[in-house]
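# Structural overview for review
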Amino acid sequence: MFKHKNILLIIIIIALGLIAWGLYREGSLDEKTKQPQLRFSSNVDKIEIRQKDGAIILVKGKEDRWQVEKSGIAYPANQSALDEIIKFFDDFTVGEIISQNPDKYAELQVDEESGFLVKWFIKDKEEGKLILGKSDYNRQGDYIRIGDQTGVYLTSGNIKFNFSRPEFRDLNILSLKSEEIERVAWNYKDGEKLEIKKLKIEDAKESDKAEEANQSAESKAESNAKKWFLMDGDAKQELDESKVNSLLGQLSNLTATDMLVKSVDKDYGFSEPFFKLTVGGADDQEYILTFGAQADEAPAYYAQISGNDEWVYLVDISTVQDQLAKKAGDFETTKEE
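Calculation notes
- Counting restarts for each chain, with residues numbered from 1 along the sequence as it is written.
- Where local features are concerned, this predicted model is filtered to residues with pLDDT of at least 70; where side-chain atom pairs are given and counted, the filter is 80 or more; whole-chain, interface and lining totals use all residues.
- Note that water and hydrogens are dropped before the side-chain values are worked out from all heavy atoms of the structure.
- Pairs were defined over the aromatic rings of Phe, Tyr and Trp, the Trp ring being its six-membered one, requiring ring centres within 6.5 Å. Orientation was assigned from the angle between planes: stacked under 30 degrees, edge-to-face over 60, tilted for the rest.
- Going along the chain from the N terminus, every DSSP run of H or I of four or more residues is numbered as a helix, and every run of E of two or more is numbered as a strand.
- Residue burial is assigned from relative accessible area. The probe radius is 1.4 Å, only protein chains are included, and a residue is buried under 20% of its type maximum, exposed over 50%, and partly exposed in between.
- For a lysine, the NZ atom is tested; for an arginine, the CZ atom; a charge sits over a ring if that atom is within 6 Å of the ring centre and within 35 degrees of the ring normal.
- When DSSP finds two or more bridges between two strands, those strands count as paired.
- Between the N-to-C directions of two axes lies an angle of 0 to 180 degrees, each axis being a line fitted to C-alpha atoms and, for a helix, fitted only over the stretch in contact.
- Only heavy atoms enter the contact rule, under which two residues are in contact if any of them lie within 4.5 Å.
- Buried and open spaces are told apart on a 1 Å grid over the protein atoms alone, a cavity being a set of points where a 1.4 Å probe fits but cannot get out and a pocket being an open set with protein on both sides within 12 Å along at least five of seven lines. Residues with an atom within 4 Å of a point are the lining residues.
- Grid points are joined across faces, edges and corners, and a volume is the space filled by probe spheres set on the points.
- Amino acid classes used here: Ala, Val, Leu, Ile, Met, Phe, Trp, Tyr, Cys and Pro are nonpolar; Asp, Glu, Lys and Arg are charged; the rest, including Gly, are polar.

Moving on: the packing of aromatic side chains. Under the defined criterion, the tally for this structure stands at 16 aromatic pairs. Note on F274 and F275: the rings are 5.0 Å apart at their centroids and 80 degrees apart in plane angle, and the pair reads as edge-to-face. Pairing F275 with F291 gives two aromatic rings, centres 5.0 Å apart and planes at 35 degrees, and the pair type is tilted. With F275 in strand 15 (residues 275-281) and F291 in strand 16 (residues 286-294), this pair connects stretches of sequence that are 16 residues apart. The same class applies to F275 as to F291, namely buried. Chaining the aromatic ring pairs together yields one cluster made of F40, F88, F89, F92, W120 and F163. Above the face of the F121 ring, K46 is positioned so that its terminal group lies 4.7 Å from the ring centre. The ring of Y75 is capped by R169, whose NZ or CZ atom sits 4.8 Å from the centre of that ring.

Spelled out as structure tokens, the structure:
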């Protein structure tokens, strides 16, 4: 009887030992694979992204506006692109752990030779880094390694494109949505002028007051609708909406192929420009775009926008000549045969 009790006691001790070892192992594994943390804060004032073609340096300037540092020049950064990067750091989460084997780094492209190395700094002191590897499209994530940790994780969603943009400078020239534009005017070098405006139908046509009083609610609503008209002195000619909308789409998405610091020693042709383009918004906003001479650096026109004379933009020749340099006939309704 006593012998059986000893055997049972030994079995219980072994079982407890196995349970304890399992709990210890599980705790150790959790410690290695738990959600990694980033030391990123609002005090970060520099982000360095090392891509295959070189390094991109992002620095925080006045009023917390980010800039792109390139060849000793601080260019305005695309703030929406920076917002996506900051959002990723602020809400940093990863999915499953993929590997803890350094021999897999090259295959997953999370080694410093083939991956995207991202570092962030506070007053030139490195605060953290991560390496973005290749994308796993089946699992909809990117492989990532944090700091000097051995673990390779899969991100929740594809975020690599936020860091792999070919351009972080803000090359957008206009900050108007197409529906906000209410007036466009051209002033050409040879003196030719053209103006189109978005008007209420009742403002564009003279109506009889008695007839207006008898208008139905439906017809009044129709007369309050806005249409685009060609302004020719006191005369107004209704325009083809689709052709106007095509122009508005070009204007609202107008971007440069490059931007230069304006030099006082260079003639960009702004004193005798190809044409000036005035774009007006609903709230009396007005932007004047000046297209000068054709550029030496690329197949483009030099351009500048009012209120931002520090920069000279390069706008593709075909965009300027085919999409923006309009004549009255370009907006006429096409007559059906």
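Another point: the pairing of strand 11 (residues 193-200). With five bridges connecting them, strand 10 (residues 181-188) and strand 11 associate as antiparallel partners. Residue pairing across strands places N187 opposite K193, the latter belonging to strand 11. Pairing analysis gives five bridges linking strand 11 to strand 12 (residues 226-232), with the strands arranged antiparallel. Directly across from K198, in strand 12, lies its bridge partner W228.

Turning our eyes to something else, we now look at the sheet that holds strand 18 (residues 311-316). Taken in spatial order, the nine strands make up an open sheet running 13-12-11-10-15-16-17-18-14, and their pairing is antiparallel. The sheet terminates laterally at strand 13 (235-238) and strand 14 (258-261), the two strands that pair on one side only. Between one strand axis and the next, the sheet turns by 30 degrees as a mean value, whatever way the strands run. Sitting on the sheet, helix 7 (residues 241-252) touches strand 10, strand 11, strand 12 and strand 15, and the angle it makes with strand 10 is about 85 degrees. Those strands touched by helix 8 (residues 317-324) are strand 10, strand 15, strand 16, strand 17 (300-305) and strand 18, and its axis lies near 70 degrees from that of strand 18.

What the largest pocket holds in volume is close to 480 Å³. Residue lining of the largest pocket: 22 residues in total, with R65, P76, D170, N308 and Y313 positioned closest to the centre. Put simply, the parts of the chain that give the lining of the largest pocket at least two residues each are strand 3 (66-70), strand 4 (73-76) and strand 18. The dominant element in the lining of the largest pocket, judged by the number of residues it contributes, is strand 4, at three residues. The residue makeup of the lining of the largest pocket, split by class, is eleven nonpolar, eight polar and three charged. Here the second largest pocket defines a volume of roughly 260 Å³. Around the second largest pocket, the lining is made up of 15 residues, and of these Q51, A55, I56, K70 and P166 lie nearest the centre. Residue assignment for the lining of the second largest pocket shows that the elements contributing at least two residues are strand 2 (54-60) and strand 3. Among the elements that line the lining of the second largest pocket, the one with the most residues is strand 2, at four residues. When grouped by side-chain class, the residues that make up the lining of the second largest pocket number seven nonpolar, two polar and six charged.

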